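Geometric and topological summary
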Amino acid sequence: MQAYVVCVRGLPAYPLKGKEHRYAVLASNRACALAAISDHLRYGSIAELTDEVLRAERVEQLGLLPGKPKLL
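Everything quoted here is computed from the prediction, not taken from an experiment.

Overview of the overall build of the chain
- Helix and strand counts for the chain stand at two helices and four strands.
- Secondary structure elements in the chain, listed N-terminal to C-terminal, are β-β-α-β-α-β.
- Computed over C-alpha atoms, the radius of gyration of the chain comes to 12 Å, within 12% of the 11 Å expected from 2.2 N^0.38 for 72 residues, which places it in the range of a compact globule.
- Structurally, the chain occupies a C-alpha span of about 35 × 20 × 20 Å along its principal axes.
- Scored against the burial criterion, the 72 residues of the chain give a buried share of 33%.
- For the chain, the centre of its 10 positive side-chain charges and the centre of its 7 negative side-chain charges are spaced 8 Å apart.

Printed below as a string of structure tokens:
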């Protein structure tokens, strides 16, 4: 398992109004990471998987659980 970083952006005319949030997701692959974040998306939001992967120390510090996204 790896901790992937997903960037969630809101479209300008929708609830997040262009704001950006970054989530860490512990998942077995990139597809699972995107699937896990889909529950946290609001209407008018776009999720983009970044190339960033968190180190084991940071994963422990955040207390990440598989499939449970955590706001960074």
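More follows now that the structure is in view.
Re the nonpolar core
- If you look at the biggest cluster of nonpolar residues, it comprises ten residues: Y4, V6, V8, Y23, V25, A27, A33, A36, I37 and L49.
- Secondary structure elements with two or more residues in this core: strand 1 (2–10), strand 2 (20–27) and helix 1 (30–37).
- Sequence-distant contacts of Y23, that is, excluding residues within four places in its chain, are made with Y4, V5, V6, V8, I37, P69, K70, L71 and L72.
- Residues A3, L26, L62 and L64 belong to the second largest nonpolar core, which totals eight residues.

A look at helix 1
- Taken as a whole, helix 1 has its buried residues at A33, A36 and I37. When helix 1 is viewed along its axis, its buried side chains cluster within an angular range of 95° and face the same direction.
- Turning to helix 1, the residues buried within the fold contact strand 1, strand 2 and strand 3 (45–54).
- The opening residue of helix 1 is N29, an N-cap whose side-chain oxygen sits 3.1 Å from the backbone nitrogen of A31.

Quick notes on the sheet that holds strand 1
- Ordered by their spatial adjacency, four strands build an open sheet running 3-1-2-4, and the pairing between neighbours is antiparallel. Every interior strand has two partners, whereas the edge strands, strand 3 and strand 4 (70–71), have only one.
- Taken together, the two bridges between strand 2 and strand 4 define a ladder with antiparallel strand orientation. Looking at strand 4, one finds that A24 is bridged to K70.

A look at the pattern of salt bridges
- The tally for this structure, following the rule as stated, stands at four salt bridges.
- Here R9 ties to E20 by a salt bridge, and the two come within 3.1 Å at their closest N and O atoms. A residue pair is termed long-range when its members are at least 10 positions apart, and R9 in strand 1 and E20 in strand 2 qualify at eleven residues.
- A residue is classified by how much of its surface remains accessible, and E20, at 45% relative accessible area, is partly exposed.
- A salt bridge links E48 to R9, with the shortest nitrogen-to-oxygen separation between them at 2.6 Å. Here E48 is found in strand 3, whereas its partner R9 is found in strand 1, with 39 residues between them in sequence.
- Under the relative-accessibility criterion, E48 is labelled partly exposed at 41%.

About the thresholds
Residues numbered from 1 in each chain as written. Predicted model: local features only at pLDDT ≥ 70, side-chain atom pairs only at ≥ 80, totals over all residues. Heavy atoms only, no water. Helix = DSSP H or I, 4+ residues; strand = E, 2+ residues; numbered from the N terminus. Rg over C-alpha atoms; globule rule 2.2 N^0.38 Å. Buried < 20%, exposed > 50% of the residue type's maximum accessible area, 1.4 Å probe, protein only. Lys, Arg positive; Asp, Glu negative; His and termini not counted. Charge placed at Lys NZ, Arg CZ, Asp CG, Glu CD. Core = buried A, V, L, I, M, F, W, Y, C linked by side-chain atoms within 4.5 Å. Contact = heavy atoms within 4.5 Å. Arc of directions from axis to C-beta. Polar contact = N/O pair within 3.5 Å; in protein donor to acceptor, adjacent residues only side chain to side chain. Pairing = 2+ DSSP bridges. Salt bridge = Lys/Arg side-chain N within 4 Å of Asp/Glu carboxyl O.

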